[in-house]
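These are the residues of each chain, in order.
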Amino acid sequence: MAALQQYSWLIAIISIAFCFSSFGNGGNDVANAYATSIAARTLKMWQAGILSIITEFVGAVALGSGVTSTIKNKIMDLERFKGKPGTLILAMTCAEIGSAAWLTIANQIGFPVSTTHTIVGALVGTGIASQADISWAWNSGSVSQIAASWAIAPLISASIAAILFLSLKFSVLERQDSFKWAMRLIPFYLAFTGAVLALFIVIELPTAPTLEEFGAGNIIAIVFGTFGGVLVISYVFFMPYFHRRLVLNDARIQVWHLPLGPLLWRDSPPLYWPGNQGNPDGAVVKDHYRNTRQESEVVATDSPVLPAGDEESKLSPEPLPAAQASALERGEGMEPPRRRKRHLEPRERFLTPTKDLPIYKPARLWSWTKYLFLQGITRDVTSHNSDRLEKTHARAKHYNNKVEHLWTYAQVTSAMMMSIAHGSNDVANAVGPWVAAYNTYQAGVVDSKSPTPIWILVVAGFLLGLGFWVVGWKIVAALGNKITQMSPTRGYAIELGAAITVLLASRLSLPVSTTHCLTGATMGVSLMNFTLEATNWRQLAFIFLGWVLTLPAAGMISGLLMVMALNTPHF
């Protein structure tokens, strides 16, 4: 029996707000992790959607913290609520509503914002409204440190991602025979990626010990052990796969044939479920630099989950970009131009064919069902209709598509690890206030640390993935090709650079956001085109505006709610 049953109505409200907050968290932060993979055409939107549901659920449930700090980074002093547990429940409810409201607004506008900073801003708002002490001074997790991280995190991430991409650029991409060098070096890049991500997961677990407690010996063992293990796996399984698919141009070979390993060296390997004979234009790998400019009848898109009827699609030739033409002259394997189907957006694709039928007809009900469940993952998030962005993309150099394909595996792995880490760490952004309110409601006393029920982590993990599935497409579009021309090698450097930055920042006790790190890494890689014109500075300014608005907007919403609630006349 709950100690404060008179506040059951507040628990009902905060539970609803928690669902919206988790959903909005998924639509914003989860999209950050997969944006570069989708923009580079390494993954399709629906594939990233399925992966996100799995990775976020694993991160939240399997790796989530058993004890959630209800006051994020000690922003608000709980002493103010001692002896007034009902007021704490009210404060957490207002904070959860403020966080959910701002994330919903940000997702609709297309602002990639920090969900951590959102809940901190909401807590600051309720703290000010309830006259609780707020941590403004320069210390761990303070408001001043968070404001400073708007510049610190992107700059560090940009530097690391730029160094990673430069190593790729000069060791592989711009060498005389880039594909030969790529085949030589890809095992070492895969091994390096595995070592970094293993350390990332171990250190970033909510229950992980400090580096001092963990010990230098264990850290060295993890790094070198993982590096050696992945290197062996690369030579045994990946190299035969790459050789048969990219050197022998065997289009039957697909990613599910990796377990065959050494058998792929044979002239006639025992293939199960052989793939099709390449793309429609005969290429073994897809064109990661396909023109993203929308024309009157041409929209860059991958095949959606449910194929559209041919009668609803039109074909039109695609112009050959100058960079691709020069690559063809160098014989670097770039695909020729081809005719493509026009992409149909969800409303036109699902609802238009049955719009004249009565609403009770099964065909129309099925159309609405498909629209509601698939509209978020069947949108075109890679193309644009901007002359300015077209010129920006033209400034980014195009590289051999076979070389780019080699880095798609490391890119997707990095994105998945970032998503798992997000699920394990940032799930507290939505769960924290709810846990504080719920445990206070149950016990009748205020406690700064409360055990987190596993069932609420299950709900949060599911909602994180669902948020990306339904509304994440706007953030993917904002962080993808709208900043610069994306490709797998660039996306790889961005994802890994952001992961390393989060690792370093956590050791320095800097409250950085994955959103800020990924955006900064994208800017750093873009600048490695050695021209400012390859970066869409207008889009970066738009994203930065969202960062600046996050704290005051979330704080304003929650603070006003708290003030109104505390001063509402009552009997």
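Residues numbered from 1 in each chain as written. Predicted model: local features only at pLDDT ≥ 70, side-chain atom pairs only at ≥ 80, totals over all residues. Heavy atoms only, no water.

For the protein chain, an unreviewed UniProt entry supplies the name Phosphate transporter and the organism Cadophora malorum. UniProt annotates the protein chain under Sequence similarities (unreviewed entry) with the comment "Belongs to the inorganic phosphate transporter (PiT) (TC 2.A.20) family." Per UniProt, the protein chain carries the Function (unreviewed entry) text "Sodium-phosphate symporter." (UniProt positions renumbered as here; feature names shortened; annotations may be inferred.)

Tell me about the overall build of the protein chain, and please be specific about residues and values.
Each helix and strand in the protein chain was counted, giving 20 helices and four strands. The buried share of the protein chain, reckoned over its 571 residues, is 57%. Surface exposure of the protein chain reaches about 23,700 Å², of which carbon and sulfur atoms provide 65%. (Helix = DSSP H or I, 4+ residues; strand = E, 2+ residues; numbered from the N terminus. Buried < 20%, exposed > 50% of the residue type's maximum accessible area, 1.4 Å probe, protein only. Areas by Shrake-Rupley, 256 points an atom, 1.4 Å probe, with all protein chains shown as cover.)

Outline the nonpolar core, supporting the account with residue identities and numerical values.
In terms of nonpolar packing, the biggest core is built from 97 residues, with Tyr34, Ile38, Met45, Phe242, Leu406, Trp407 and Phe468 touching the most fellow members. Here this core takes 11 residues from helix α6 (residues 178–204), the largest share from any one element. Ignoring any residue separated from it by four or fewer positions in sequence, one finds Tyr34 in contact with Leu43, Ala48, Leu51, Ser52, Thr55, Ala415, Met416, Ser419 and Phe468. One finds Met92, Trp102, Phe111 and Leu123 within the second-largest nonpolar core, a separate group that totals 52 residues. (Core = buried A, V, L, I, M, F, W, Y, C linked by side-chain atoms within 4.5 Å. Contact = heavy atoms within 4.5 Å.)

Kindly report on helix α8 (residues 216–247), identifying the contributing residues and their values.
Each α-helix turn comprises 3.6 residues. Residues three or four places apart therefore point the same way. Of all the bends in α8, the greatest, near 40°, is centred on Ser234. When α8 is considered as a whole, its buried residues turn out to be Ile219, Ile222, Leu231, Ser234, Phe238, Met239, Pro240, Tyr241, Phe242, Arg244, Arg245 and Leu246. Phi for Asn249, located one or two positions after α8, is positive at around 55°. (Bend = angle between axes of the 7 residues up to and from the residue.)

Hey, could you go over the confidence of the model for the protein chain for me, with residue numbers and the actual values?
Looking at the protein chain, pLDDT values average 82 and 83% of them are 70 or higher. With pLDDT under 50 throughout, residues 295–320 is counted as low confidence; its partners more than four residues away or in other chains account for 75 contacts. Across residues 323–339 the pLDDT falls below 50, and counting only partners more than four positions away or on other chains, this stretch makes 36 contacts in the model. (pLDDT = per-residue confidence, 0-100.)

Would you mind going over the environment of Phe242 in detail, with residue names and values included?
As for its placement among the helices and strands, Phe242 is situated in helix α8. Phe242 sits 11 residues away from Ile253 along the chain, and the two C-alpha atoms are 9.2 Å apart. Those residues in contact with Phe242 that sit more than four places away from it in its chain are Met183, Ile186, Val247, Leu406 and Tyr409.

Would you mind going over the environment of Pro240 in detail, with residue names and values included?
Within the secondary structure layout, Pro240 lies in helix α8. Classification of Pro240 as buried rests on a relative accessible area of 0%. Remark: the alpha-carbon pair of Pro240 and Leu258, spanning 18 residues in sequence, is separated by 8.3 Å. The contact partners of Pro240, leaving out residues within four places of it in the chain, are Tyr235, Gly261, Pro262, Leu264 and Trp265.

Which residues make up unusual backbone geometry, and what are the values?
Although it is not a glycine, Gln131 adopts a positive phi angle of roughly 60°. Structurally, Gln131 can be placed in the loop between α4 (115–129) and α5 (143–173). Gln131 gets classed as exposed once you look at its relative accessible area, which sits at 60%.

So what about the pattern of salt bridges? Which residues, and what values?
Under the criterion given, the structure shown has five salt bridges. The salt bridge involving Lys169 is made with Glu174; its shortest N-O contact spans 3.9 Å. Note that Asp250 and Arg244 form a salt bridge whose closest N and O atoms lie 3.3 Å from each other. Pair check on accessibility: Asp250 and Arg244 agree, each one buried. (Salt bridge = Lys/Arg side-chain N within 4 Å of Asp/Glu carboxyl O.)

How would you explain helix α11 (residues 362–374) if you had to name every residue and give the values?
With 13 residues, α11 extends 18 Å between its outermost C-alpha atoms, agreeing within 8% with the 18 Å of an ideal straight helix rising 1.5 Å per residue. Buried residues in α11 make contact with α10 (346–351) and α16 (454–471). (Expected span 1.5 Å × (residues − 1).)

So, the side chain of Asp29: which residues are in play, and what are the values?
By secondary structure assignment, the location of Asp29 is in helix α1 (residues 8–39). A polar contact is formed between the side chain of Asp29 and the side chain of Thr115, at a distance of 2.9 Å. Discounting residues that sit within four places of it in the chain, Asp29 has contacts with Val113, Thr115, His422, Asp426, Thr514 and Thr515. (Polar contact = N/O pair within 3.5 Å; in protein donor to acceptor, adjacent residues only side chain to side chain.)

Quick rundown of the packing of aromatic side chains? Include the residues and the values.
How two aromatic rings sit relative to each other is set out by the distance from centre to centre and by the angle between their planes. Enumeration according to the criterion identifies 17 aromatic pairs in this entry. Seen in terms of ring centroids, Tyr241 and Phe242 are 5.6 Å apart; in terms of plane orientation they differ by 55°. Their pairing is tilted. The exposure class of Tyr241 is buried, given its relative accessible area of 0%. Looking at Phe242, the relative accessible area reads 0%, which means it is buried. Judged by centre distance (6.4 Å) and plane angle (40°), the ring pair of Tyr438 and Tyr441 falls under tilted. Residue Tyr438 and its partner Tyr441 are both found in helix α15 (residues 427–443); the two are separated by three residues, about one turn of the helix. By relative accessible area, which is 11% here, Tyr441 ends up buried. (Phe/Tyr/Trp six-rings, centres within 6.5 Å; stacked < 30°, edge-to-face > 60°.)

Can you break down the environment of Trp46 residue by residue, with the values?
Inspection of the secondary structure assignment puts Trp46 in helix α2 (residues 45–62). We classify Trp46 as partly exposed; its relative accessible area is 25%.

I'd like to hear about a nonpolar patch on the surface, residue by residue, with values.
On the surface, Ile359, Tyr360, Leu365, Trp368, Leu372 and Phe373 cluster together into a nonpolar patch covering about 680 Å² of accessible area. The residue Tyr360 is located in the loop between α10 and α11 in this model. (Patch = residues over 30% accessible without salt bridge, like charges linked within 9 Å, V, L, I, M, F, W, Y side chains within 5 Å.)

So, the packing of α15 against α16: which residues are in play, and what are the values?
One way to put it is that α15 packs onto α16 with a least axis distance of 10 Å and a crossing angle of 135°. Compared by their axis directions, α15 and α16 come out oblique. The way α15 lies across α16 gives a crossing that is right-handed. Contacts between α15 and α16 involve Val427, Val431 and Trp434 from the former and Trp455, Ile456, Leu457, Ala460 and Leu464 from the latter. Split into classes, the residues belonging to the contact of α15 with α16 amount to eight nonpolar, no polar and no charged. (Axes fitted to C-alpha atoms, helices over the stretch in contact; angles between N-to-C directions. Parallel < 35°, antiparallel > 145°, perpendicular 65-115°, else oblique. Left-handed = near helix turned anticlockwise from the far one by under 90°. Nonpolar A, V, L, I, M, F, W, Y, C, P; charged D, E, K, R; others polar.)

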